[in-house]
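Coordinate analysis (summary)
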Amino acid sequence: MHGGGVVLPVSGGGGPGPGDGYSSEITFTVVMSCLMAASGGLIFGYDISITGGLTQMHSFLEAFFPDIIEKMNSAAQDEYCIFNSQLLTTFVSSLYLAGMLACLVAGHITKKIGRRNSMLIGASLFFVGAVLNCAAANIAMLVVGRVLLGFAVGFTNQSAPVYLAEIAPARWRGAFTSIFHFFLNIGIFVADLVNYRANTIPVWGWRLSLGVGIAPATVILLGAAFIPDSPNSLVLRGKVDAARSSLRRIRGRSADVEVELKDIMQAAEEDRRHEAGAFRRIVRREYRPHLVMAIAIPVFFELTGMIVVTLFTPLLFYTVGFTSQKAILGSIITDVVSLVSIAVAAVAVDRVGRRPLFMVGGGILLACLVAMAWIFGAELGADGGKAMPRPYAVAVVAVVCLFTAGFGVSWGPLKWIVPSEIYPLEVRSAGQGMSEAISLALTFVQTQSFLNMLCSFKYGTFAYNAGWVVLMTAFIFFFLPETKGVPIESLREVWARHWYWKRFVKPLPPAPELKLADGPVRE
């Protein structure tokens, strides 16, 4: 039976290999730059989770969705269908539709202006969107603010993970890239804490929930101006001297950066050999594995069932019988579990590798989704007319926590790590942009349809996701090679040695003498 492929060492072993001569020092500059770039995930997570609490917060519903309050107070209401409102889901999902559209152009813009400047654009849009949402006087203002936040997500989600992968030492790339998802979950945690307090404030509590997002947006907007752009991005734009200077800042003043710079320049030269744009290039045969992963990973990520436990956790807990305040408290508990599990993944990902974490996570997710389908079907009933007994409602919280842990050690961080590192430089912006556009498009579809799906399919919703988890875990086992410890510009060799993808990807020929605008790299 075929597995995922081989791992190339960073250095050492029986001769020279990819990454020999690279510095693996963790400098102050690389730590601060990674923290600032990952902070884009903080606001994304905040904007994801804040809506979960808002959509069952009395002050918010009273101001914008009074019809839902009537259903919440109705004794005859189907518990599965309380929050089934297309207008409410439009407010939630508009962010993801805008993010998808932004991703389609952000890849091209990021390649032209650099990763850091793309993050600055995203931070500016986060700030404006948060201000507009906080000051909203009607649903139109809410949706426009969410659309601006979506454009911000399109830029930061496309550029920040790639930036992290490019500046992190190869030996610790998985850990540094996972910081984005860790910060995303910190944002979710903070949002639930704010919602827990705001839910007790009548009339204007919802403004507090939406307004707090202004603070981190301001910090990121100011901080991103002081981090260096990635050397890969600078070389791609012909700025070799600036790239050398950036590498020295990132790797340390005493580090010899010429070997790494030469590999980056070779990757950039490969980009210059092609006249076609990156999006047209990625559909060619030699990029077949990258195209497949650009589509498969975000599709499978969205079909794990994570939409239930990130956007709609408070609504899910309210559905099984908890009060509004306790539903938010339950969501806070799952946030803590998520942060711990992501920290475990950050420690493990560069030690045990990406594929083992995918396998472990897949098993946990499958068991939890089957358990959820059984509990909801047996105790809430097919028509939602039964009240769930308290012991089973508590069991739902426990299963959601276990689901969150399984997701946090696998698909959660790996969805950001793997796509950010697997693409060659010449198609990296296109691949990451395509991956994020697909992910946000599917998030839009699911946020727009999940509450209606829960109302229509009842507990079968969880069985649906369980089937996908089986398929996606098998796909990872057979088709994703292990990438831990391999320098980002040397990953072509991994694909060239994979049992299946080697028919599409061939190893690069020996590097010629490279001469770019600022002169050749020294041997």
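Residues numbered from 1 in each chain as written. Predicted model: local features only at pLDDT ≥ 70, side-chain atom pairs only at ≥ 80, totals over all residues. Heavy atoms only, no water.

**A look at the overall build of the protein**
Heads up, the rule is: Working definition: helices are DSSP H or I runs of at least four residues, strands are E runs of at least two. Numbering for both runs from the N terminus. Whether a residue is buried, partly exposed or exposed follows from its accessible area with a 1.4 Å probe, protein chains only, as a fraction of its type maximum: under 20%, in between, or over 50%, in that order. Any two residues having at least one pair of non-hydrogen atoms within 4.5 Å are treated as being in contact. Note on areas: Shrake-Rupley, 1.4 Å probe, and residue coverage restricted to the protein chains presented here.
Looking only at helices and strands, the protein has 23 helices and 2 strands in total. The proportion of buried residues among the 523 residues of the protein is 61%. A fraction of 80% describes how many contacts in the protein between residues 6 or more apart in sequence connect residues 24 or more apart. Split by element, the accessible area of the protein, about 18600 Å² in all, is 67% carbon and sulfur.

**Some points on unusual backbone geometry**
With a phi close to 70°, Val-203 is a non-glycine residue in the positive phi region. Looking at the secondary structure, you find Val-203 in the loop between helix H7 (173–198) and helix H8 (205–211). For Val-203, a relative accessible area of 60% puts it in the exposed group.

**Some details on a nonpolar patch on the surface**
Note the cut-off: Two joining distances apply to patches: 9 Å for like charges and 5 Å for nonpolar side chains (Val, Leu, Ile, Met, Phe, Trp, Tyr), and every residue must have over 30% relative accessible area and no salt bridge. Salt bridge, as applied in this entry: a Lys or Arg side-chain nitrogen positioned within 4 Å of an Asp or Glu carboxyl oxygen.
On the surface, a nonpolar cluster with roughly 450 Å² of combined accessible area is contributed by Ile-26, Phe-28, Val-31, Met-32 and Leu-35. Its place among the elements puts Ile-26 in the segment before helix H1 (28–54). For Ile-26, a relative accessible area of 41% translates into the label partly exposed.

**Section: a positive patch on the surface**
The following threshold applies: Note on charges: Lys and Arg go in the positive column, Asp and Glu in the negative column, and His and the chain ends are not counted at all. Note that the charge is assigned to NZ on lysines, CZ on arginines, CG on aspartates and CD on glutamates.
Positive charge collects at one region of the surface, where Arg-285, Lys-502, Arg-503 and Lys-506 lie side by side. Position of Lys-506 among the secondary structure elements: in the loop between helix H23 (492–497) and strand E1 (515–516). A relative accessible area of 48% means that Lys-506 is categorised as partly exposed.

**So, the nonpolar core**
Which entries qualify depends on this criterion: Here, nonpolar core means buried Ala, Val, Leu, Ile, Met, Phe, Trp, Tyr and Cys residues that are tied together by side-chain atoms lying within 4.5 Å of each other.
In this structure, Phe-44, Leu-54, Phe-60, Leu-142 and Trp-206 are the most contacted members of the largest nonpolar core, which totals 59 residues. The element best represented in this core is H1, accounting for 11 residues. Among all residues touching Phe-44, those that are not within four sequence positions of it are Leu-95, Tyr-96, Phe-126, Val-153, Asn-157, Leu-184, Trp-416 and Leu-440. Formed by 56 residues, the second largest nonpolar core is a distinct cluster that contains Val-349, Ala-373, Phe-407 and Val-505.

**Here we look at the packing of aromatic side chains**
Aromatic ring pairs are described here by two measures, namely the spacing of the ring centres and the angle between the planes. Short version of the rule: Aromatic rings from Phe, Tyr and Trp, with only the six-membered ring used for Trp, were paired whenever their centres fell within 6.5 Å, and each pair was classed as stacked if the ring planes differed by under 30 degrees, edge-to-face if by over 60, and tilted otherwise. Ring-over charges, as used throughout, are those where CZ of Arg or NZ of Lys falls within 6 Å of the ring centre and within 35 degrees of the ring normal.
This structure, assessed with the given rule, holds 21 aromatic pairs. The interplanar angle of 75° and the centroid separation of 4.9 Å between the aromatic rings of Tyr-500 and Trp-501 together place this pair among those described as edge-to-face. A relative accessible area of 24% means that Tyr-500 is categorised as partly exposed. Given a relative accessible area of 3%, Trp-501 falls into the buried group. One aromatic cluster is present, built from ring pairs that chain together Phe-300, Phe-475, Phe-477, Phe-478, Phe-479, Trp-495, Trp-499, Tyr-500, Trp-501 and Phe-504. In this structure, Lys-415 packs its charged tip against the face of Trp-416, placed 3.8 Å from the ring centre.

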